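Residue strings, one per chain:
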Amino acid sequence: MSDCATRYLGTRTALLMACVLSVFIPSSSFGGMITVSNHSFELPAVAEDGVGVAESWDVLVPTGSIGVWNVPTPTPGAAPAFFDPLPDGEQVAFNNGGILSQTLSETLAADTQYQLFVAVGLRGDIRTSNFPDFPPNWAVELWAGSELLGRKTQDDVPFAAPFGRFEDVIVTFPVANAAAFAIGQQLRIALVSDSIQANFDNVRLRSDPAVAVPEPASFSLFLVGIAGAALASRAQRRRQRA
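In this text, all values refer to a predicted model and were calculated from it rather than measured experimentally.

Student: Go over the packing of aromatic side chains with me, naming the residues and quoting the values.
Tutor: A full pass over the atoms with the stated rule returns five aromatic pairs. With a centroid separation of 5.7 Å and 90° between ring planes, the pair formed by Phe134 and Phe163 is classed as edge-to-face. Here Phe134, found in the loop between β7 (112-122) and β8 (138-144), pairs with Phe163, found in the loop between β9 (147-153) and β10 (165-173); they are 29 residues apart in sequence, far enough to count as distant.

Student: Account for the environment of Gly97, naming residues and giving values.
Tutor: Position of Gly97 relative to the elements: it lies in the loop between β5 (91-95) and β6 (98-107). The exposure class assigned to Gly97 is buried, which follows from its relative accessible area of 0%. Residues Gly97 and Ser193 lie 96 residues apart in sequence; the distance between their C-alpha atoms is 5.0 Å. With sequence-adjacent residues up to four places away left out, Gly97 is seen in contact with Val61, Pro62, Thr63, Gly64, Ile66, Ser193, Asp194 and Ser195.

Student: Outline the confidence of the model for the protein chain, supporting the account with residue identities and numerical values.
Tutor: When pLDDT is averaged along the protein chain, the result is 83; 72% of the residues meet or exceed 70. Here residues 1-9 is a poorly scored stretch, pLDDT under 50, and it has 10 contacts once near neighbours within four places are set aside; other chains count. Long-range and interchain partners of residues 18-29, a stretch whose pLDDT sits below 50, account for 13 contacts in this model, where long-range means more than four residues apart.

Student: So what's going on with the environment of Thr35? Which residues, and what values?
Tutor: Assignment of secondary structure puts Thr35 in the loop between β1 (32-34) and β2 (51-52). Each C-alpha atom, one on Thr35 and one on Glu106, is 8.3 Å from the other, the two residues being 71 residues apart in sequence.

Student: How would you summarise the side chain of Asn199 if you had to cite specific residues and measurements?
Tutor: With respect to the helices and strands, the residue Asn199 is situated in strand β12 (residues 198-209). Looking at Asn199, its side chain comes within polar contact range of the main-chain oxygen of Ala93, at 3.3 Å. For Asn199, the contacting residues outside a window of four places in its chain are Trp69, Phe82, Val92, Ala93, Phe94, Ala119, Val120, Gly121, Arg123 and Phe166.

Student: Tell me about the pattern of salt bridges, residues and numbers included.
Tutor: Counted according to the given criterion, the structure contains five salt bridges. Two residues, Asp84 and Arg165, come together in a salt bridge whose shortest N-O distance is 3.7 Å. Residue Asp84 is found in the loop between β4 (66-70) and β5, and its partner Arg165 is found in strand β10; the two are separated by 81 residues along the sequence. Salt-bridge contacts for Arg123 lead to Asp125; the nearest nitrogen and oxygen are separated by 2.9 Å. Residue class for Arg123 comes out buried when judged on its relative accessible area of 16%.

Student: Provide a residue-level description of the pairing of β4, including the pertinent values.
Tutor: Counting buried positions over the five residues of β4 gives five, a clear majority of the element. Where β2 lies against β4, two bridges are found, and the strand directions are antiparallel. Counterpart to Val51 in the pairing with β4 is Trp69. Pairing geometry for β4 and β5, over five bridges, is antiparallel. Bridge pairing in β5 links Gly67 to Phe94.

Student: Before we move on, could you go through the sheet that holds β6 and cite the residues and values that matter?
Tutor: Taken in spatial order, the five strands line up as β3-β6-β11-β8-β9 in an open sheet, and their pairing is antiparallel. Of all the strands in the sheet, just β3 (58-60) and β9 have a single pairing partner and so form its edges. Taken over all neighbouring pairs, the strand axes of this sheet differ in orientation by 25° on average, direction set aside.

Student: Could you give an account of unusual backbone geometry, naming the residues involved and the relevant values?
Tutor: Residue Pro44 is reached from Leu43 by a cis peptide bond, and omega for that bond is -5°. The topology assignment puts Pro44 in the loop between β1 and β2. The linkage connecting Phe134 with the following residue, Pro135, adopts the cis geometry, with an omega of 0°. Along the chain, Pro135 falls in the loop between β7 and β8. Although it is not a glycine, Asn38 adopts a positive phi angle of roughly 50°. The backbone of Phe41 shows a phi angle near 60°, a positive value even though the residue is not glycine. Along the chain, Phe41 turns up in the loop between β1 and β2. Note on Phe41: relative accessible area 0%, which makes it buried.

Rules used in this analysis
Residues numbered from 1 in each chain as written. Predicted model: local features only at pLDDT ≥ 70, side-chain atom pairs only at ≥ 80, totals over all residues. Heavy atoms only, no water. Phe/Tyr/Trp six-rings, centres within 6.5 Å; stacked < 30°, edge-to-face > 60°. Helix = DSSP H or I, 4+ residues; strand = E, 2+ residues; numbered from the N terminus. Buried < 20%, exposed > 50% of the residue type's maximum accessible area, 1.4 Å probe, protein only. Contact = heavy atoms within 4.5 Å. pLDDT = per-residue confidence, 0-100. Polar contact = N/O pair within 3.5 Å; in protein donor to acceptor, adjacent residues only side chain to side chain. Salt bridge = Lys/Arg side-chain N within 4 Å of Asp/Glu carboxyl O. Pairing = 2+ DSSP bridges. Axes fitted to C-alpha atoms, helices over the stretch in contact; angles between N-to-C directions.

Laid out in structure tokens, this is it:
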């Protein structure tokens, strides 16, 4: 058998397999991270223990100060704000009452699951004797337009004393919850606190399109395609030996 014929059969078999597999692995089935600007609140860069207005984030209905904070190195003998290294970088967001919000360029897509990850921290150097409203009620929210897709609060992720640590909070919007009237609406992240002081860091959002479940007829086509590819490959090997 000629080399040209062998290459032809090999190419034909590969194309058949690609066509069959495309029924079960659509190109849209691979998810990834969605861009969140200034996700770890490193902008603007401020001096140690300094504060600033968080770039790329909006402050809504403020009842207290909100922004970025460069967490200082603890003074010897004093309680540190946080015992462990920060989740990402040298700065965090602080919220003393209100909403820190970012509207993304990404829109809500059909048949897609979303997971929002946010590190939430409560300071270890704030005393309730001085601030009776501490710790605050906080929330991490994911929106599409005016539709709330998911929400986690201090009731879902309780912090154990002593404070001074971050916990990763995960808000999941399952595929099954897709609301048709929110499809195509811009996604928005909201970090909420009702008093002194909730801290936030390392905000991440992931999307995972659902993988289509094949119908019985499609599955039969898959089996036929596999069998055909196997027969073609077998015939090719026989001709090569002839």
